[in-house]
Amino acid sequence: MSAVGHRTTLQEYVSSGLGGGAQDDGLDAVIMAIADGSIQVQRQVQQAALADALGATGETNVQGEIIQRMDQVSSDIFVETLSSSGHVAAIGCEEIEKPVIIEGEVADGYIVLMDPLDGSSNIDVAVSIGSIFGIWKKRPGEKVNEDSLLRPGDEQVAAVYVVYGSSTVLVLATKTDVCGFTLDFRSGEFAVTHPNIKIPKECLYYSTNEGNHKVLDEPTQKAVANLRNKYSQRYVGSLVADFHRNLLKGGIFAYPADRNRKDGRLRLMYEANPLGFVAEQAGGAASTGYQRILDIIPEQLHQRTPLILGNKDVVEEIVSVINGG
Ligand code: P6P
């Protein structure tokens, strides 16, 4: 209960037309499936150390990265809640090489691309982590296959991320609104705490791994030096946590291409596209340094991309410097 009375819950928000947007049949069920899954993930993350569930599984994912136990747990939870929502036709997941195609006719289905637990290496040291989701509407009459998931970010109908931090916050972006909800542990529901999110006009922070400076090309080194001279450095090492702070306070997240990672480190479909959608809907921008993230025509489910994300004017300035401006 807020000082002014009842807080709108996420269920009430999605049931009343997603903050003013068109009431898409089934989209509300998909968003609630994400919310329900995130509440289960939050509980698992909070207890992981006590359940000896930290650390690696010994397996590696399609990117050749070691899968943390909690990555697998989170992936399983969201696949289950999304599959049983009755409105998801296919799921693409960082931890699963091939798309999960939901059998049976899901006529009005949605396609969900997700990073079920981003920054999971930070769990072992109790630092904020998150989950990221991009949501596309299946093309009418489409028989969903692997190619169905390779949609440009600009065709997303919504994007969601959840930060498991000092509080558990779910941010939902649609074509008409960006709204933040905080998990109320008393009711077990998400309630509105950050209505109508717009990235502040003033940029305060920059988030980049300064340890990579030596492997950046010269123009990119110059762009990062400009950030260093103007803004305060904040870097959690969890994309969702860094992005969330910059979205609410004004800031830039930058993981540009470098000599070791010519295609960048972060993944296009389930990290850059969803957060790029949120950033743009909140008045910000998202670029590879050479093109708008949401314009990229995907070629592979797990492809990587350089990512510069945050205040629109600062993103544009960085892009200009990277391109010799
Ligand atoms: P680095 C976490 O592993 C992640 O995918 C993002 O959440 C984060 O922004 C980035 O990698 C951190 O990468 O190279 O700075 O450790």
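Being a predicted model, the structure only gives us computed values, none of them experimental.

Colleague: Can you tell me about empty space enclosed by the protein, naming the residues and giving the values?
Modeller: One water molecule sets the probe size; rolling that probe over the atoms shows where empty space is left. Scanning the entire structure with this criterion turns up three cavities of 30 Å³ or more. Reported here for the largest cavity is a volume of approximately 60 Å³. Lining the largest cavity, in full, are Ala223, Asn226, Leu227, Lys230, Tyr231, Val314, Glu317, Ile318 and Val321. Only α4 (218-230) and α7 (312-322) provide two or more residues apiece to the lining of the largest cavity. Grouping the amino acids of the lining of the largest cavity by side-chain chemistry returns six nonpolar, one polar and two charged.

Colleague: Describe the site of the ligand, naming the residues involved and giving the relevant values.
Modeller: Around the ligand, the neighbouring residues are Asp118, Gly119, Asn209, Tyr235, Gly237, Ser238, Leu239, Phe253, Tyr255, Arg265, Leu266 and Arg267. At 2.8 Å, a side-chain N or O of Asp118 approaches an oxygen atom of the ligand. Contact distances for the ligand include 2.6 Å between an oxygen atom and a side-chain N or O atom of Tyr235. Out of a free accessible area of 400 Å², the ligand has 82% covered by protein chains. More than half of the atoms of the ligand fall within 2 Å of the grid points belonging to the largest pocket. Those elements that provide at least two residues to the shell around the ligand are β13 (251-255) and β14 (266-267).

Colleague: Outline the domain arrangement of the protein, listing residues and values.
Modeller: We note that the domain assignment places domain 1 (10-194) and domain 2 (205-322) within the protein. At the junction of the two partners, domain 1 supplies 46 residues and domain 2 supplies 31 residues. Summed over both sides, the interface between domain 1 and domain 2 buries roughly 2800 Å², with carbon and sulfur atoms accounting for 64% of that surface. When residues of domain 1 are sorted by the area they lose upon contact with domain 2, Ile132, Leu150 and Tyr161 head the list and together hold 21% of the total. One salt bridge in this structure joins Asp154 and Arg292, with 2.8 Å as the shortest N-O distance. Inspection of the domain 1/domain 2 interface yields 14 residue pairs in polar contact (both at pLDDT 80 or more). Counting only elements with at least two residues in the side of domain 1 that touches domain 2, the list comes to β3 (88-93), β4 (96-101), β5 (110-118), β6 (129-137), β7 (156-164) and β8 (168-174).

The rules we used
Residues numbered from 1 in each chain as written. Predicted model: local features only at pLDDT ≥ 70, side-chain atom pairs only at ≥ 80, totals over all residues. Heavy atoms only, no water. 1 Å grid on protein atoms, 1.4 Å probe; cavity = no way out; pocket = protein on both sides within 12 Å on 5 of 7 lines; lining within 4 Å. Points joined across faces, edges and corners; volume = space filled by probe spheres on them. Helix = DSSP H or I, 4+ residues; strand = E, 2+ residues; numbered from the N terminus. Nonpolar A, V, L, I, M, F, W, Y, C, P; charged D, E, K, R; others polar. Near = heavy atom within 4 Å. Polar contact = N/O pair within 3.5 Å; in protein donor to acceptor, adjacent residues only side chain to side chain. Areas by Shrake-Rupley, 256 points an atom, 1.4 Å probe, with all protein chains shown as cover. Sits in = over half its atoms within 2 Å of the grid points. Domains from an automatic or database assignment. Contact = heavy atoms within 4.5 Å. Buried area = accessible area lost by both parts, 1.4 Å probe. Salt bridge = Lys/Arg side-chain N within 4 Å of Asp/Glu carboxyl O.

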